[in-house]
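Take a look at the letters that make up each chain.
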Amino acid sequence: QAPIEDIQAASKLRSCCFSSENPKQEAEKSTVESLLTQLIGSSCWESKAAGYISCAKIMETSCSESISNTFLFGALCNYVESDLEHIEPRVRSSVVKVLKGLASSDGPRTWERFGKAVFDSIERNLVVDSKERSRVMQEIYANELGKAKTGAGVASVIKPVVAHETVGWKALETSLRGLQSLIGGYGAAFVSDGCLTSSLVDLVTLKCLKHENRYVREVGFDLCSVMVQVLAIAIDGGLDAAAQQHDNGENSTGVMLDKLASAVGLGLSDNWSQVRYAASVAVRSLLSGLSEQRRKPYMDDLVPRMCLNRYYLAQGVKLYSQETWKIVFGDKGPQVVAEHADAVVAFYCKQCRADNHAVREAACYCIAELATKAKCDEISVHVNELLNALIDAFKDESWPVRDAACIATSNFISGFPNESKALVGTELYELWFAHLSDNIWSVREDSAIALGNVMRTYGDDAVEEVLKRLPNILGKVFDENVNVQQGHLHGHGHGHGNSHDNQESHVGSSSLSNKDIASSKYSQRASQPRGVVAGDFKMLSSKPDKYSNQQLYSCGSLAPKLRRGVGCMDHGFSRDKKLWEITDGGIYLLRELAAVKPEEAEKFLPVLAEIATFISKNSDNVEDFYNLQETLWKQLIPISKSLGKRPFKRYIELFLKPMILALECERKNQLCAHAAAQCIEQLELFLGKSIFRGRIAQLDVDAQRLLDIFDRNQHLIHVKTASMPFPTGMPPPM
């Protein structure tokens, strides 16, 4: 029969039921069994897969007694073992489904028939088959060679031949799935019947869960999840007592559970998100199935890893871990962390130095959480250790790690102000002020937020430090060379991290002279070529060296693949700072100062107005000034509200002309124009629409022209758009 006919015939099997006593249906069942046997024994893989899938479906809807006594069961036993390592993976996956159905119907008989075969298949394929990998690579090469043949029979350039990392382990992954199906179908009786042995546990924990292939590790943790589930059920139901008759020491349920729990802990720190997720599923099965007293020995190992995964980059891992934490611990989370504080702190500090940037970022968020939700004596004794770990992360090459460390340090200091005061004055101030001019806008803003939190924590001392440095920071943009037209800039918007030109600039901590700034260890950045924007073919062809050997980026993240900070060294960052970026960070800092000390922030409004006028006039020469305008107009709103209506009205005229002129740059930079429009709309609501328009009319110069621009751009000012606030600072704790 043709494969399509086989599949059509197999689809009719879904309506069959083995428990019927109707003679006509019994006759139909005999035909069905014969047809299924024919399909499973076919040389066509499509027919085999259809037959196995149909068998699995029938077993799902049939009673166990009827299945085990049919001719079909015997036929399955004859074919399943040989097809465990079928060359077609879809056939092997279908066999796995059948194994689960057989184990559910008759666990002891199925395990006796197939357990050793599956076990041997796993052991046989644990080591990569170099011949198999070579054969696959030859097939790929031959295929590429056939594609590359020209009409004249001359081969063109052949792509490098790379075999996928799953090649060479044959049926290892599906055999592990088969073992998982056998144990899951057998249930808790798998333990009481003595089938779960030390050798089986060692095969999984020592070989599969530490395998070099990440897909094998992922399936291994899925298998581990089933094993701890049946163990937990057996222990909770007292079935493990029946298993003691099979116990020779290493086969005791306690020893095997210890091995599995330890292996699960390692999986929670795996570098691959899929493996980490599978381990998270296993840890939920482990902890939710055991009593509080029974799981206590594993908590020092599991609690720190579970905590960190609640902030992990991969959304699946993060959300699943947060849910697990609530299921297992409820509202006792802070108490659990305090009880295991030594293990938690040691693990967090170690993860701040991990090779994976996503892990370092999550560790920073977790340390900040300790200060906000677990403020206790058990944590306070580790303050210096935790702050030093955050300082190392603050010097990281990866900007999301720096961003997380920036906020984490300020939150931690807010939670433990007295214990942290010594480190604030020696190093943290320099780091916060240096990062006000970071290449990434969110790092600049979060540095300002951090300094705002410090001002709230330490009061006048911190305010004095900010006031000492802020004038120099805000005025840096006036040193910008505005007479030279800059080249084309990529990513005008803040979200792109701004330009990556390799230009010299004298920048750094605002409290230092220009000469000192240039040599400051916190201000030096490694100069790297900027990335290529798709479609910029002219620049790509004119300067090919500038766009080759670029920075590699991590999958699933905006962060580049960069090394971590080591010790007290301050690593190079993405590129040299620019003067306008220093002023940009200063505007964020002025916003924070206005929220803490509005009377001091008011003194800086004339300078802020001069900046607005200066960059408005020179934005055509320095395109980055559009980004600076965007920041200024966005932050002017919270600054005005912090100062209050009466004080701010004294300075409103200073901002009106550059603000309204910014509406005209919609074609050049829409973000700048819309930021100015939003600022105008909010100020109209804050001061009153008639007052705002009246202040424009009272201007001595260009009043009518500005009113015309104001009226002509009402469509920008009063546009209604859906707001999607950008998450700044650390994510909300669970």
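Here, the structure is the one placed above.
In this text, all values refer to a predicted model and were calculated from it rather than measured experimentally.

1. Comments concerning a negative patch on the surface
Alright, step 1. There is a patch of like negative charges on the surface, built from Glu292, Asp300, Glu339, Asp342, Asp377, Glu378 and Glu385.
Alright, step 2. With respect to the helices and strands, the residue Glu292 is situated in helix α16 (residues 292-295).

2. Some points on the packing of aromatic side chains
Alright, step 1. In the structure shown here, the tally under the stated rule is 11 aromatic pairs.
Alright, step 2. Taking the centre distance of 5.2 Å and the plane angle of 65° together, the rings of Phe478 and Phe614 count as edge-to-face. In this pair, Phe478 is assigned in the loop between α27 (460-474) and α28 (514-519) and Phe614 in helix α32 (residues 605-618), connecting sequence segments 136 residues apart.
Alright, step 3. Measuring from centroid to centroid gives 5.9 Å for Phe614 and Phe625, while their planes differ by 55°, and the two rings are tilted. Here the residue Phe614 occupies a position in helix α32, and Phe625 occupies one in helix α33 (residues 624-643), the gap between them amounting to 11 residues.

3. Section: helix α11 (residues 198-208)
Alright, step 1. Listed as buried for α11 are Ser198, Leu200, Val201, Leu203, Val204, Thr205 and Cys208.
Alright, step 2. For α11, the elements touching its buried residues are α7 (107-124), α9 (172-186), α10 (189-192), α12 (214-236) and α14 (253-267).

4. Here we look at helix α18 (residues 315-329)
Structurally, the α-helix is built with 3.6 residues per turn, so residues lying three or four positions apart point the same way.
Alright, step 1. Its 15 residues place the ends of α18 21 Å apart at the C-alpha level, agreeing with the 21 Å of an ideal helix rising 1.5 Å per residue.
Alright, step 2. Taken together, the buried positions of α18 are Val317, Lys318, Tyr320, Ser321, Gln322, Thr324, Trp325, Val328 and Phe329.
Alright, step 3. Check the buried side of α18 and you find it contacts α15 (273-289), α16, α17 (299-309) and α19 (333-339).
Alright, step 4. Phi turns positive one or two residues past the end of α18, at Gly330, with a value near 60°.

5. What about the pattern of salt bridges?
Side chains that differ in sign of charge can pair as their charged atoms come close.
Alright, step 1. By the definition in use, this model includes 30 salt bridges.
Alright, step 2. Between Lys116 and Asp120 there is a salt bridge, with its nearest N and O atoms 2.8 Å apart. Highlighted residues: Lys116 and Asp120, both in helix α7, separated by four residues, approximately one helical turn.
Alright, step 3. Asp120 gets classed as partly exposed once you look at its relative accessible area, which sits at 26%.
Alright, step 4. For the salt bridge of Glu630 with Lys634, the shortest nitrogen-to-oxygen distance reads 3.1 Å. Highlighted residues: Glu630 and Lys634, both in helix α33, separated by four residues, approximately one helical turn.
Alright, step 5. The class of Lys634 is partly exposed, set by a relative accessible area of 36%.
Alright, step 6. Salt bridges here are not isolated pairs; linked through shared partners, they connect Glu430, Glu465, Lys468 and Arg469.

6. Quick word on the packing of helix α6 (residues 89-105) against α7
Alright, step 1. Packing of α6 against α7 brings their axes to within 7 Å, and their N-to-C directions diverge by 140°. It follows that α6 is oblique to α7 by the angle criterion. Where α6 crosses over α7, the handedness of that crossing is left-handed. Along its contact with α6, which presents Leu99, Leu102, Ala103 and Ser105, the element α7 presents Gly107, Thr110, Phe114 and Val118.
Alright, step 2. Residue composition of the contact of α6 with α7, grouped by class: five nonpolar, three polar and no charged.

Parameters and conventions
Residues numbered from 1 in each chain as written. Predicted model: local features only at pLDDT ≥ 70, side-chain atom pairs only at ≥ 80, totals over all residues. Heavy atoms only, no water. Patch = residues over 30% accessible without salt bridge, like charges linked within 9 Å, V, L, I, M, F, W, Y side chains within 5 Å. Areas by Shrake-Rupley, 256 points an atom, 1.4 Å probe, with all protein chains shown as cover. Salt bridge = Lys/Arg side-chain N within 4 Å of Asp/Glu carboxyl O. Lys, Arg positive; Asp, Glu negative; His and termini not counted. Charge placed at Lys NZ, Arg CZ, Asp CG, Glu CD. Helix = DSSP H or I, 4+ residues; strand = E, 2+ residues; numbered from the N terminus. Phe/Tyr/Trp six-rings, centres within 6.5 Å; stacked < 30°, edge-to-face > 60°. Buried < 20%, exposed > 50% of the residue type's maximum accessible area, 1.4 Å probe, protein only. Contact = heavy atoms within 4.5 Å. Expected span 1.5 Å × (residues − 1). Axes fitted to C-alpha atoms, helices over the stretch in contact; angles between N-to-C directions. Parallel < 35°, antiparallel > 145°, perpendicular 65-115°, else oblique. Left-handed = near helix turned anticlockwise from the far one by under 90°. Nonpolar A, V, L, I, M, F, W, Y, C, P; charged D, E, K, R; others polar.

None of the figures reported here should be taken as evidence of function without further support.
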